[in-house]
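# Summary of the model geometry
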Amino acid sequence: YQRLRLILGDQLNAGHSWYQNVDCDTLYIIAELHQETDYVRHHVQKICAFFSAMEHFANGLRQLDFDVVHLTLDDTVRFNDLPDLLRHYCEQYQIQEFQYQLPDEYRLRRQLADFSRSLAIRYRAVSTEHFFIDDAQLSQHFESGKRHQMEAFYRKMRRRFNVLMQGDEPEGGLWNYDKDNRNKLKPDDLKTVPEPCMFANDVSDILTRLTRHQVQTLGEAQDRLLWPVNSQQSLELLEHFCRFCLPNFGTFQDAMTDKLDPFGEDKQWSLFHSRLSFSLNSKMLSPQEVIDRVVQCYQLNQAQISLSQVEGFVRQILGWREFIRGIYWANMPQYASLNTLQASRTLPDWFWTGKTQMRCLHHAISQSLLFAYAHHIQRLMITGNFCLIAGIDPNQVDAWYLGIYVDAIEWVELPNTRGMSQFADGGIVGSKAYAASGNYVNKMSDYCGDCHYEVREIDTDNACPLNALYWHFMSSNIDKFSANPRTRMVYANWQKKTAEQQTSILEKADQLLRRIDEV
Ligand code: FAD
């Protein structure tokens, strides 16, 4: 072979120009690696999903007559790391040119750039041909350390890629239907939640391999993996979403419930969310094809699917996903160590078990351990909010998020966690800290009614811990937030409390923080 082309586990884009023609001078390599299973403790389903999808991708290429080396942990255990493995294959086949697609993660981009420079042969890094904004164009939109507004970026993207536009104006006259997208699920609405589309991919070999190699994981293992592992299954999931979830996606986007039993007859648990993030982040689906299909379904079926549902979904992919990526690349590597609020507490142990009496946290964490998934508001306003108002060290928060979710890859996990949810970036991603008391949880979910704690109380023995922690957080950071128009009202309410009330609330918060492992 003359050329060696590396395919990383999140580069499973079958539409890439690499695969337009079969070329017998090119060898492709895709490998399970200890450096990838071990850089953080991952959910076992996440590793199974990636490894299985990689194997399917390699087999798919072989069927098209590409020459592919697919290596398992058994084959790669003798190599120290990825460069070591690549050097071996370059030598074995006397390769004259090494090629790779630009990794989306800083860690790997650095590693492969260093490796390439050390080679005595030619090398080339090419685009993954996945995102709307290519790497070369990112710096036109994002500047290091600067606060960017997602809404302004999103409007530019809608215009540039002509999505839901009528000429130069947004379809329907508005850019954003967020105000229609904040409904709680009432008992009658629960009956309309569709059964999720789940697969049953046999990953027993992978599980045995993980045990044989003593890979440390977290979460529930499943012999039959529910996550899609090839583009065909990913497209099925997309079709299921368009048919059953899209008509209500926006309306209940922020809603949360623990009244639907994942082990019940209908197994409902993922509400109206698409669960496409793994397919997108592994690049089995392209964001363009997802948006095209969703917009097409809306155009063909406006009687059932309203504009606010589709716009809400398009905003997540064309807006948030691309925006988050831009923030990551403009600010790495320093972004990974920002800690503006100087948070330093240890993550409570119950984050790894779900064993807390706060029903909202119990549900979000147990579901994450069970399925390697939680939807955006569970991540932002339940687990994220708790860590924010309890002042947990963002390094520990990042490690938890990076490990537990099937879709967690640093480029998208880090700005969402450290930035949006923990405000550790001082407001680069979002203009305010997403801090909330029990009141928000009660508004958006049905958790509080059956909770051990009382959501309307602040400083009594049985008060919802989120309330005192919220006021403690806001009052400790008054210097940082009081000038922000979005939090001015909060401080006005704090000032309305008597000095005794304030003292009692802050004492309650101190008590809670001292025994945070037991709440
Ligand atoms: P849906 O609700 O159906 O949304 C559709 C798609 O929009 C998603 O698949 C995703 O690709 C995209 N999207 C939506 N919101 C965001 C966002 N804020 N950033 C980027 N893309 C978005 N997403 C990840 O893909 N990987 C992560 O590691 C990750 N970590 C997160 C950590 C925190 C603390 C928070 C608050 C959010 C995080 N997100 C992450 C964003 C979001 O929560 C997930 O993309 C979403 O929950 C995935 O589920 P879904 O596919 O059902 O999404």
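Above this text sits the structure in question.
I will try to describe carefully the structure that is included in this document. Keep in mind that this is a model prediction, so the values were computed, not measured.

Take the side chain of Glu-32 next. Summarising the element assignment, Glu-32 is placed in the loop between strand E2 (26-31) and helix H1 (34-38). Among the residues examined, Glu-32 registers a relative accessible area of 0% and is labelled buried. Engagement of the side chain of Glu-32 in a polar contact is seen with the backbone nitrogen of Leu-73, the distance being 2.9 Å. Contact partners of Glu-32, with chain neighbours within four places excluded, come to Phe-51, Met-54, His-70, Leu-71, Thr-72, Leu-73, Thr-76 and Arg-209.

A separate point is the nonpolar core. Leu-361 and Phe-386 are the most contacted members of the largest nonpolar core, which has 158 residues in total. Take this core: its biggest share by element is 12 residues, from helix H13 (residues 307-331). Of all hydrophobic cores here, the second largest spans 22 residues; its members include Phe-79, Leu-82, Leu-85 and Tyr-100.

Taken together, 30 residues form the shell around the ligand, and within it His-273, Ser-274, Arg-275, Asn-281 and Tyr-373 come nearest. When the ligand is considered free in solution it has 820 Å² of accessible area, and contact with the protein chains removes 99% of it. Looking at which domains feed residues into the shell around the ligand, each of domain 2 (136-330) and domain 3 (349-518) supplies at least three.

Every buried residue of helix H9 (residues 204-212) is listed here: Ile-206, Leu-207, Arg-209 and Leu-210. Each buried residue of H9 sits inside an arc of 160 degrees when the element is viewed along its axis, so together they form one side. What points out from H9, more than 90 degrees from its buried face, is the exposed set Asp-205, Thr-211 and Arg-212. Its buried side turned inward, H9 meets helix H2 (44-63) and helix H3 (73-76).

In this section: the packing of aromatic side chains. Here the structure, examined in full by the defined rule, presents 37 aromatic pairs. Between Phe-50 and Phe-278, the aromatic rings sit 4.9 Å apart at their centres with planes inclined by 85 degrees, giving edge-to-face as the arrangement. Of this pair, Phe-50 sits in helix H2 while Phe-278 sits in helix H11 (residues 277-281), and the two are 228 residues apart along the sequence. Within the aromatic cluster, the residues linked to one another by ring pairs are Trp-350, Phe-351, Phe-386, Trp-400, Tyr-401 and Tyr-405. Over the face of the ring belonging to Tyr-373 we find Arg-379, whose NZ or CZ atom lies 5.8 Å from the ring centre. The ring centre of Tyr-405 lies 4.0 Å from the NZ or CZ of Arg-379, which sits over that ring.

What counts, and where the lines are drawn
Note on numbering: residues in each chain are counted from 1, in written sequence order. A pLDDT threshold of at least 70 governs which residues receive local features in this predicted model, and a stricter bar of 80 or more applies before side-chain atom pairs are shown or counted, although totals over entire chains, interfaces and linings include all residues. The basis for the side-chain values is all heavy atoms of the structure; hydrogens and waters are excluded. In DSSP terms, a helix is any run of H or I states spanning at least four residues, a strand is any run of E spanning at least two, and both are numbered starting from the N terminus. A 1.4 Å probe rolled over the protein chains alone gives each residue an accessible area, and that area as a share of the maximum for its type sets the label: buried under 20%, exposed over 50%, partly exposed in between. Any pair of nitrogen or oxygen atoms within 3.5 Å is treated as a polar contact; in protein, a donor-acceptor pairing is required on top of that, and neighbouring residues in sequence qualify only through side-chain atoms on both sides. Here, two residues are considered to be in contact whenever any of their heavy atoms come within 4.5 Å of each other. Put simply, buried Ala, Val, Leu, Ile, Met, Phe, Trp, Tyr and Cys residues joined by side-chain atoms within 4.5 Å make one nonpolar core. Consider each residue's heavy atoms; a residue with any of them within 4 Å of a molecule or strand counts as near. Accessible surface area values rest on a Shrake-Rupley calculation with a 1.4 Å probe, where residue burial reflects the displayed protein chains alone. Either an automatic procedure or a domain database provided the assignment from which the domain bounds are taken. Directions are taken from the helix axis to each C-beta atom, and the arc is the one they span. Within 6.5 Å between ring centres, the rings of Phe, Tyr and Trp (the latter by its six-membered ring) count as paired, and their orientation is classed by plane angle as stacked under 30 degrees, edge-to-face over 60, tilted in between. Here, a charge over a ring means that NZ of Lys or CZ of Arg falls within 6 Å of the ring centre while also lying within 35 degrees of the ring normal.

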